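Descriptive structure summary
Given next are the chains, with one letter for each unit.
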Amino acid sequence: MALVYKLPSVSSSTSVSGQNLKHFLIPRTICSLNYKSSPFTEKHSIERCQRDHWLYKLDYQSDSSCPLPSDKECIRENDIALQLPELRKLLHVLKEKRTTCGKNGEKCGPGNVYLVGTGPGDPELLTLKAVKMIQKADLLLYDRLVSNDVLDLVGPHARLLYVGKTAGYHSRTQEEIHELLLSFAEAGATVVRLKGGDPLVFGRGGEEMDFLQQQGIQVKVIPGITAASGIAAELGIPLTHRGVATSVRFLTGHSRKGGSDPLFVAENAADPDSTLVVYMGLATLPSLALKLMHHGLPAETPAAAVERGTTPQQRVN
């Protein structure tokens, strides 16, 4: 059932042992890299470690000279191992609280999971319902593309757990995220799954919803402003325009294997009468442009490439 009891305490693949292990697993060392230019939560950023500090209860010293291993999977598994004791402790507290509430004959059912969209990054684009849930949650599992400004709105007593993914590094697999959501919901917690943009637009919200509902957990979705709408509004670009663009199409810019495989671009995606919005497409932009032109899209078609849209670090080409 609970992922926090399934995971190994330390990866069997690591060759670090003894006193060196204590320094190898120092959270502050892992968080010593500089990501100040990003409005989002980078995997080893100071902001992430400050936010998730409750997970790391080791007695450690600030020693930024300790080397990090080059094996990303080893880093990931050791990070999980560090988190396990506090995750188990929180799960125990929630279960005890649930038992207490049932002493007067009340039936305490499982908690709910809320899939909450946080928009493209600007906290002022959040819905009121999203803010309400962010502030009342017991536990929030948040992605990389949830901006730091949005996370500043989290309630003071909530626990935060980073489950973000970047190319080549997934802090948690999708299956592990499923199990975490299930474990804490079964313990009676109000669990919020924070996602950038809208949870059901390239956010894998449907997979999480299906898994939890099959386990008897109630899931509620709070929509967010998807990047296409938020960034188009920021730039003053209408997604549809009478006589110019009669439809809109959303396309993912990377493959299921992380963007290294050739993209499949259907011929009907190169429609000059339709606005094409490509999500997560900066890395594959050159090949995507070539394929669209190969399928007949004119080379002079107006286009914009946007990174970190609606945040102070927004870049447009």
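This text follows the structure it describes.
Predicted model, so just to flag it, every value in this text is computed and none were measured. (Residues numbered from 1 in each chain as written. Predicted model: local features only at pLDDT ≥ 70, side-chain atom pairs only at ≥ 80, totals over all residues. Heavy atoms only, no water.)

What about the overall build of the protein chain?
Secondary structure summary: the protein chain contains 11 helices and 11 strands in total. Evaluated residue by residue, the protein chain yields a buried proportion of 44% over its 317 residues. Sequence-distant contacts, at least 24 apart, represent 72% of the contacts inside the protein chain between residues at least 6 apart. For the protein chain, the exposed surface amounts to about 17,000 Å²; the carbon and sulfur share of it is 53%. (Helix = DSSP H or I, 4+ residues; strand = E, 2+ residues; numbered from the N terminus. Buried < 20%, exposed > 50% of the residue type's maximum accessible area, 1.4 Å probe, protein only. Contact = heavy atoms within 4.5 Å. Areas by Shrake-Rupley, 256 points an atom, 1.4 Å probe, with all protein chains shown as cover.)

Concerning the side chain of T226
With respect to the secondary-structure elements, T226 resides in the loop between strand 7 (219-222) and helix 10 (227-235). In contact with T226, other than residues within four places in its own chain, are G197, D198, V201, F250 and Y279.

Considering the sheet that holds strand 2 (residues 139-142)
An order of 3-2-6-1-7 is seen for the 5 strands of this open sheet, with the pairing classed as parallel. Two strands lie at the open edges of the sheet, namely strand 3 (159-162) and strand 7, each paired on one side alone. Across this sheet, the average inter-strand angle for adjacent strands is 20°, counted without regard to direction. Pairing geometry for strand 2 and strand 6 (residues 191-195), over 4 bridges, is parallel. (Pairing = 2+ DSSP bridges. Axes fitted to C-alpha atoms, helices over the stretch in contact; angles between N-to-C directions.)

A look at the pattern of salt bridges
In the structure shown here, the tally under the stated rule is 6 salt bridges. Across the pair K89 and E86 runs a salt bridge, and its minimum N-O distance is 3.3 Å. In this pair, K89 and E86 both sit in helix 5 (residues 72-101), 3 residues apart, roughly one turn of the helix. Note that E207 is salt-bridged to R204, the shortest N-O span being 2.9 Å. In this structure E207 comes out as partly exposed when scored by relative accessible area, which is 37%. The exposure class of R204 is partly exposed, given its relative accessible area of 38%. The structure contains a network of salt bridges with shared partners spanning D143, R193, K195 and E208. (Salt bridge = Lys/Arg side-chain N within 4 Å of Asp/Glu carboxyl O.)

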